[in-house]
There are 2 protein chains.
Amino acid sequence: MNTADLGLPVAVPSTALFTDQYELTMLQAALRSGTAERRSVFEVFTRRLPEGRRYGVVAGTGRVLDAVENFRFDETILGFLRERAILDEPTLRWLADFRFRGDIWGYPEGEVYFPGSPIMRVEGTFAEAVLLETVILSILNHDSAVAAAASRMSVAAGDRPLMEMGARRTHELSAVAASRAAYVGGFHTTSDLAAGFRYHIPTVGTSAHAFTLLHDTERDAFTAQVDSLGSGTTLLVDTFDVTEAVRTAVEVAGPGLGAVRIDSGDLLLIAHRVRQQLDELGATKTRIVVTSDLDEYAIASLAAAPVDAYGVGTQLVTGSGHPTCSMVYKLVARADSEEPGTPLRPVAKKSMGAKTSLGGRKWAARRLDEDGVAVAEVIGTGPVPAELADQQLSVPLVSAGEVVAREPLDAARARHIAARARLPLSATQLSRGEPVLATEYV
Amino acid sequence: MNTADLGLPVAVPSTALFTDQYELTMLQAALRSGTAERRSVFEVFTRRLPEGRRYGVVAGTGRVLDAVENFRFDETILGFLRERAILDEPTLRWLADFRFRGDIWGYPEGEVYFPGSPIMRVEGTFAEAVLLETVILSILNHDSAVAAAASRMSVAAGDRPLMEMGARRTHELSAVAASRAAYVGGFHTTSDLAAGFRYHIPTVGTSAHAFTLLHDTERDAFTAQVDSLGSGTTLLVDTFDVTEAVRTAVEVAGPGLGAVRIDSGDLLLIAHRVRQQLDELGATKTRIVVTSDLDEYAIASLAAAPVDAYGVGTQLVTGSGHPTCSMVYKLVARADSEEPGTPLRPVAKKSMGAKTSLGGRKWAARRLDEDGVAVAEVIGTGPVPAELADQQLSVPLVSAGEVVAREPLDAARARHIAARARLPLSATQLSRGEPVLATEYV
């Protein structure tokens, strides 16, 4: 059986082809020039946050671990590379035995990050570390973009639950990763069944306008839904006239109706009217769910409205204006020879900006003030100052090729909420601003 | 073996879970209310193009066909739905036997579209048609967004080849679909090996800055690369000093050097200097490839520069500012009873805008002037006027559950280029503007 038999829209039998061709051609040339086994350190970082954003959110780390573990070149893949004449036979033989045996350190998932933060560090031979560039960046750039948007929405929503509903607005498998990242960023549920299946995120959903239109009357539709899903269901009340729909909804379901959903119009105004009507009808516990083109600003603008939950789609899965991060994967140090034990030498592209061109393997720590509030992101290449030793950010993720940092998604979500809470208060302003922590290089 | 064994980052054993939960709860309620078998017509359309865009590009159609064919509920999926108590037993039994047996019509892949264009039409029972909403929208919204950006870039690039290099900026499987969509929109090659594997798109790539930094000198790196990949390779010349690198490159590879790549700096200025230097060195056939944060505007601004090929990443895979389309999937007609042969009645949500609320099954045609230039997108629900009969846009894609419109990707690519060429000249202006064809409803 192969993945095509399983009906997967993309038949790729491992993660090894989520790779830009140049990684393999560099491998081939390095094998030939006798540099492939030079000990190397690559780091993932971003030179800046998306414009106006005050912090970034690391997400996708758990998916990176899966991807690294399954980065293998099987016969099908080797056959493809051979047939296309992309690589020579010595390189294909090398790949046949390949599995990553190096070390990966990184910010744990859910942690916040700033310009220059060494979000992930991959150490091994050049050969093994260079191969992981694209798949690591794909995952972190996508997932972190969604998590950052989710985090802002979660700040805006306060205690009200957030439902991820964006699957239809993004690639069908992006959608699954987006649900996961949204959960890390503070969302509570998803409409996407594949995300529920794969990541055990609670799923939600009851009906769309099509269900009302399928029936001869709105009352018929509501009756059908309540008969099937119970009076605790959420009825969609904006297909025709909202006031009439709310009246019908409570007549059909009784005052124990779970919720009504409003998907269009002036949500602030309509929510107030609907709340009043529900209360007058005795449906004082019936919740109001809104789901129309929301982003963090729209959510914030509804803070004073009687809204009980938000469903967010497009703006979440597209990162609320920033659908990708600008994380890069750069060689920062390498040995001068393939001889084991050769010391590492810092390297950097010359044309990069002053601060961010810092070569060398980096540590990072978050300096806190006496109240435990973060005051700076401190990055260095030398010894870690004693006073920062306990505040280091990177943890071992992969040691000698073995994944050592698996954790439940709830751990990443809790970590994010805790890390965000330790930032200065201005971190959670939605307005555009500078990164809330300055990056200090020591 | 399951997909997790295959190392796929998302273990979903069919396309059936790329579905929002409400589609299944609607199914359950409709089965119970005796409306599930009502003949129904759903249409995919968009109320507007992304702001300033003059035309849209249909992409993903071929992937939709795969997804529909593989939309099955196996024991694993049914077990998940049962365990989560999402559905009742009669609905689970119904799903166990499910496969789509209806009809799908649509604009063929690569065709252009405008506001209101009925891009895809799904006909069948409500039960079978409602289930496909999310997966169809995911695919079309994502792929069409990338194809639209690709098409604009392809216009800007003229005859110069375009290389897709955005995998690292988007979800790893989005990236594969993005390469495919970019190809439909006019790109020529991709750096993404998975896209080469899955869709047979030609792949490209030679080396990154890390390869130069791995070696003790730039000359060592160039020598290693030329030794391994031949003098026809592309050498990356902006790690340190471009002028020195170009000199070294030609010394190492000889005047037959394939190409140099510039990935930073003022590309217009540098390209002119590098061209002059290459010519002076006798490397008159050596090509210049540029790859630094390009979008359609940057490509256009290099039209007069001696550039031979463009590599595009971030802005391509994120739709150049519009990472998703706003396509929706709406019930537009349905029968009043489950009785076969019951006539269809147009339906529409009341709160939608005047024009786009048009219920009923639609045809679409593109009216041409006497020179064969498109002048209007004509959409109607009644009989097709005789003069438009030959200019209809929709074709059968699935008939009675069988896919009838498989085609090579090159066919979609050729169709797009031909369809774009029939638009008024202003279609290919990059500046913001109105849709280049008005939509007429008859």
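Residues numbered from 1 in each chain as written. Chains lettered and ligands numbered in written order. Predicted model: local features only at pLDDT ≥ 70, side-chain atom pairs only at ≥ 80, totals over all residues. Heavy atoms only, no water.

Participant: Please explain the interface of chain A and chain B as it appears in this structure.
Facilitator: Many authors give the size of an interface as the accessible area that is lost as the parts come together. At the interface, 107 residues of chain A touch 107 residues of chain B. Around 9,200 Å² of area is buried between chain A and chain B when both sides are counted, 60% of it from carbon and sulfur atoms. Where chain A meets chain B, there are 14 salt bridges. We note a salt bridge from Asp216(B) to Arg334(A), for which the minimum N-O separation is 3.3 Å. If you look at where chain A meets chain B, you find 67 residue pairs in polar contact (both at pLDDT 80 or more). The biggest single contributor to the side of chain A that touches chain B is helix H1 (residues 21-33) of chain A, with eleven residues. Considered class by class, the residues forming the side of chain A that touches chain B number 48 nonpolar, 38 polar and 21 charged. (Contact = heavy atoms within 4.5 Å. Buried area = accessible area lost by both parts, 1.4 Å probe. Salt bridge = Lys/Arg side-chain N within 4 Å of Asp/Glu carboxyl O. Polar contact = N/O pair within 3.5 Å; in protein donor to acceptor, adjacent residues only side chain to side chain. Helix = DSSP H or I, 4+ residues; strand = E, 2+ residues; numbered from the N terminus. Nonpolar A, V, L, I, M, F, W, Y, C, P; charged D, E, K, R; others polar.)

Participant: Whenever I open this one, the side chain of Arg54(B) confuses me. Can you help?
Facilitator: Residue and element names in this part refer to chain B. Relative to the helices and strands, Arg-54 is located in the loop between strand E1 (39-46) and strand E2 (56-57). Despite its burial, Arg-54 pairs with no opposite charge, the nearest such side chain being Glu-434 at 8.8 Å. A polar side-chain atom of Arg-54 sits 3.5 Å from the main-chain carbonyl oxygen of Ser-426. Looking at Arg-54, its side chain comes within polar contact range of the main-chain oxygen of Gln-429, at 3.4 Å. Look past the residues within four positions of Arg-54 in its chain and what remains in contact with it is Leu-49, Phe-114, Ser-426, Ala-427, Gln-429, Ser-431, Arg-432, Gly-433, Glu-434, Pro-435 and Val-436. (Buried < 20%, exposed > 50% of the residue type's maximum accessible area, 1.4 Å probe, protein only. Lys, Arg positive; Asp, Glu negative; His and termini not counted.)

Participant: Whenever I open this one, the packing of aromatic side chains confuses me. Can you help?
Facilitator: Tallying each qualifying case throughout the model produces 14 aromatic pairs over all chains. Where Phe71(B) meets Phe73(B), the ring centres are 5.6 Å apart and the plane angle is 80 degrees; that geometry is what we call edge-to-face. Accessibility expressed as a relative area gives 5% for Phe73(B), which makes it buried. For the ring pair Phe71(B) and Phe98(B), a centre distance of 6.1 Å and an interplane angle of 85 degrees mean the geometry is edge-to-face. Highlighted residues: Phe71(B) in the loop between helix H2 (61-69) and helix H3 (75-83) and Phe98(B) in the loop between helix H4 (89-96) and strand E3 (103-106), separated in sequence by 27 residues. Judged by relative accessible area, Phe71(B) falls into the buried class, the value being 1%. Residue classification places Phe98(B) among the buried residues on the basis of a relative accessible area of 5%. Members of the aromatic cluster, connected to one another through ring pairs, are Phe71(A), Phe73(A), Trp94(A) and Phe98(A). Above the face of the Tyr199(A) ring, Arg180(A) is positioned so that its terminal group lies 5.3 Å from the ring centre. Sitting over the ring of Tyr183(A), Arg413(A) keeps its end group 4.7 Å from the ring centre. (Phe/Tyr/Trp six-rings, centres within 6.5 Å; stacked < 30°, edge-to-face > 60°. Lys NZ or Arg CZ within 6 Å of the ring centre and 35° of its normal.)

Participant: Which parts of the structure should I look at to understand the relation of the copies chain A and chain B?
Facilitator: These two copies of the chain differ by a rotation about an axis and a displacement along the same axis. Between chain A and chain B, the superposition needs a rotation of 180 degrees and an axial shift of 0.0 Å, giving an RMSD of 0.0 Å. The transformation just described matches what one would write down for a two-fold rotation axis. When the interface residues of chain A are mapped onto chain B, 100% of them again fall at the interface, so both copies present the same face. (Least-squares fit on C-alpha atoms with pLDDT ≥ 70 in both.)

Participant: Even after reading the chapter, I still don't get the pairing of strand E16 (residues 395-399) of chain A, so can you show me in this structure?
Facilitator: Each regular strand displays side chains that alternate between the two surfaces of the sheet. Residue and element names in this part refer to chain A. As paired strands, strand E3 (residues 103-106) and E16 are joined by three bridges and run antiparallel to one another. Across the sheet, the residue bridging to Trp-105 is Pro-396, located in E16. Pairing of E16 with strand E17 (residues 402-403), which is carried by two bridges, proceeds in the antiparallel orientation. Bridging across to E17, Val-398 finds its partner in Val-403. Taken together, E16 and the strand that follows it, E17, pair antiparallel across an intervening segment of two residues, in which Ala-400 is found at a positive phi of about 45 degrees. (Pairing = 2+ DSSP bridges.)

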